[in-house]
Each structure stands twice: as structure tokens, then as C-alpha cells.
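Geometric and topological summary
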Amino acid sequence: MRHLGGPKVERLGVLSSVRGEGRSSIATAMAFAQARDYGRTTLLLDADFDGPGLATRFGVNSVPGISDVVRGRASVDSALRKVGEGVTLMAAGEIGTAPSRLANELVASGLLSELQMDFEAIVADLPALLGSPSGVLLAEAFENPLLVIRADTTPISRVREATSSLQSHPVVILNGTRSSMPRWLRRFFS
């Protein structure tokens with residue numbers, strides 16, 4: 001978390017090269033770390049419009065959500081769900097048939113800036129860069145990109161292909177690693 005700005009991060013976009021790398025789990029963990037470790041009010045934003053799933057993960061209604069707020073069908077307050085101490089979720093909402101259009105509307109709307117006034121940190125679960133026409137656009141809306149790569153699964157060529165489309169170099173987190181170092185010893189190195 002320190003490489004991303006720790007208690008100073010304002011907008012963290014969690015992305016991956018392809019689906020299935022653990023991006024949503026890492027985004028959730030980062031949001032809770034901001035709240036727990038730094039005492040910051042944190043918004044967990046489900047901006048994976050190609051396959052939203054955070055509402056289901058937390059067992060809350062997915063509507064209203066981001067799409068409903070951006071399209072003027074709901075207020076910001078009605079789309080917020082408290083999911084933990086200091087952590088609030090805004091689900092994706094009713095996506096419709098054009099996820100990339102919704103991504104464009106979100107970036108153009110100024111909603112992220114409005115939310116930044118109410119939350120000290122925003123952590124967004126973004127779509128996978130490859131296979132999503134809106135992945136790069138949404139990644140650029142966040143000053144801190146965090147790229148999740150599943151160990152021993154994602155080919156380096158796919159990672160290179162995905163990162164070549166980004167304007168800034170992301171911080172990389174390797175997910176699913178196994179260590180032979182005992183757990184009691186690992187905690188001294190984290």
C-alpha cells in the first residue's frame with residue numbers, strides 16, 4: 001500500500017490484464033486497508049461494467065448504482081451501501097447494453113470528483129484491460145493504477161500487451177503466490 005501513496009491515495013484503480021486474476025478481491029482488500037489502517041472514509045466503486053459483482057459479494061442491492069446516478073435516475077446517496085467500518089460500496093447498477101458508453105458517461109460526468117469531496121479515498125474495481133473497450137479509459141480516470149497479475153497463470157505477453165495501452169506505469173501486485181517461508185516469519189517482511 002505504501003507504493004501507492006498509503007494514506008495519501010485519493011483514487012486507486014484496480015485492474016488486470018484478463019479476467020480471473022483476483023482483481024475484485026484485491027480492490028476490496030485495498031478499500032478495507034484504507035479504512036482500517038489509515039482511518040479514512042473509503043468508497044469501493046464497482047466500475048467493472050463488463051461483469052460487475054461486488055453487490056453480490058456483499059449481499060446488497062445492485063441498483064441503484066453508478067449507472068443510475070450517471071444517467072440521472074438516482075441520487076448519489078441512494079446508491080451508497082455501507083459494507084464495513086469506514087467502507088461504503090457503490091455498485092455498478094443497471095448497466096444496459098453498452099458498458100463502454102456507460103464508462104464514457106462516467107468519466108465525462110464529473111461524478112468521480114463529486115464523490116472525492118465526500119470520501120477520502122476511492123478504490124475502484126475496473127474491468128480487465130484486454131477484452132474490454134472501456135478498461136483503458138477507466139484506468140486513466142484514476143491517478144494510481146494497480147495491476148493484479150495471477151501468479152503462474154497469466155502469460156507475460158498478455159501483461160505486456162495490457163500495460164502498453166496505459167499512459168502511466170502501474171504498480172503490480174502478484175496474486176496467488178505461495179511461499180515456503182513460515183507465516184510467522186513473513187509478517188516481519190510485509
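Up top is the structure these notes are about.
So, here is what we can say about the structure in this document. In this text, all values refer to a predicted model and were calculated from it rather than measured experimentally.

1. Quick look at the overall build of the protein chain
Across its full length, the protein chain carries 8 helices and 7 strands. Over its C-alpha atoms the protein chain spans a radius of gyration of 16 Å, differing by no more than 12% from the 16 Å that the globule rule assigns to 190 residues. Along the longest, intermediate and shortest principal axes, the C-alpha atoms of the protein chain span 50 × 35 × 30 Å. Pairs at least 24 residues apart make up 77% of the contacts formed inside the protein chain by residues separated by at least 6 positions. Carbon and sulfur atoms form 51% of the exposed surface of the protein chain, whose accessible area is close to 9,700 Å². Each charge sign in the protein chain was given a centre, from 20 positive and 19 negative side chains, and these centres are 8 Å apart.

2. Considerations on helix 4 (residues 99-109)
Among the residues making up helix 4, those that are buried are Leu102, Ala103 and Leu106. Within helix 4, the buried residues cover an arc of 105 degrees as seen down the axis, which keeps them to one side. Away from its buried face by more than 90 degrees, helix 4 exposes Arg101 and Ala108. At its buried positions, helix 4 is contacted by helix 3 (66-70), helix 5 (111-118) and helix 6 (135-140). Where helix 4 ends, the next residue or the one after it, Gly110, has phi of about 85 degrees, a positive value.

3. Brief notes about the nonpolar core
Counting residues in hydrophobic clusters, the biggest one holds 34 residues, and the most contacted among them are Leu45, Phe49 and Leu115. Elements with a contribution of two residues or more to this core: strand 2 (42-46), helix 3, helix 4, helix 5, strand 5 (121-125), helix 6, strand 6 (144-150) and helix 7 (156-163). Those residues within four positions of Phe49 in sequence are excluded, and the remaining contacts are Ile66, Ala92, Ile95, Pro99, Leu102, Ala103, Leu106 and Leu138. Judged by nonpolar contacts, the second largest core, of 16 residues, contains Leu12, Ile26, Val83 and Val148.

4. Things to note about the environment of Gly20
Relative to the helices and strands, Gly20 is located in the loop between strand 1 (11-16) and helix 1 (23-38). Placed 46 residues apart in sequence, Gly20 and Ile66 show a C-alpha to C-alpha distance of 23 Å.

5. Details of the sheet that holds strand 4 (residues 87-90)
Pairing within the open sheet is mixed, and its 7 strands lie in the order 3-4-2-5-1-6-7. The sheet is open, and its two edges are formed by strand 3 (80-84) and strand 7 (171-175), each paired on a single side. Each adjacent strand pair in this sheet contributes to an overall mean axis angle of 25 degrees, direction not counted. In this fold helix 1 packs onto strand 1, strand 2, strand 3, strand 4, strand 5, strand 6 and strand 7, with an angle of close to 170 degrees to the strand it touches most, strand 5. Taken strand by strand, helix 5 contacts strand 1, strand 2, strand 4 and strand 5, and its axis lies near 135 degrees from that of strand 5.

What counts, and at which threshold
- Residues numbered from 1 in each chain as written.
- Predicted model: local features only at pLDDT ≥ 70, side-chain atom pairs only at ≥ 80, totals over all residues.
- Heavy atoms only, no water.
- Helix = DSSP H or I, 4+ residues; strand = E, 2+ residues; numbered from the N terminus.
- Rg over C-alpha atoms; globule rule 2.2 N^0.38 Å.
- Contact = heavy atoms within 4.5 Å.
- Areas by Shrake-Rupley, 256 points an atom, 1.4 Å probe, with all protein chains shown as cover.
- Lys, Arg positive; Asp, Glu negative; His and termini not counted.
- Charge placed at Lys NZ, Arg CZ, Asp CG, Glu CD.
- Buried < 20%, exposed > 50% of the residue type's maximum accessible area, 1.4 Å probe, protein only.
- Arc of directions from axis to C-beta.
- Core = buried A, V, L, I, M, F, W, Y, C linked by side-chain atoms within 4.5 Å.
- Pairing = 2+ DSSP bridges.
- Axes fitted to C-alpha atoms, helices over the stretch in contact; angles between N-to-C directions.

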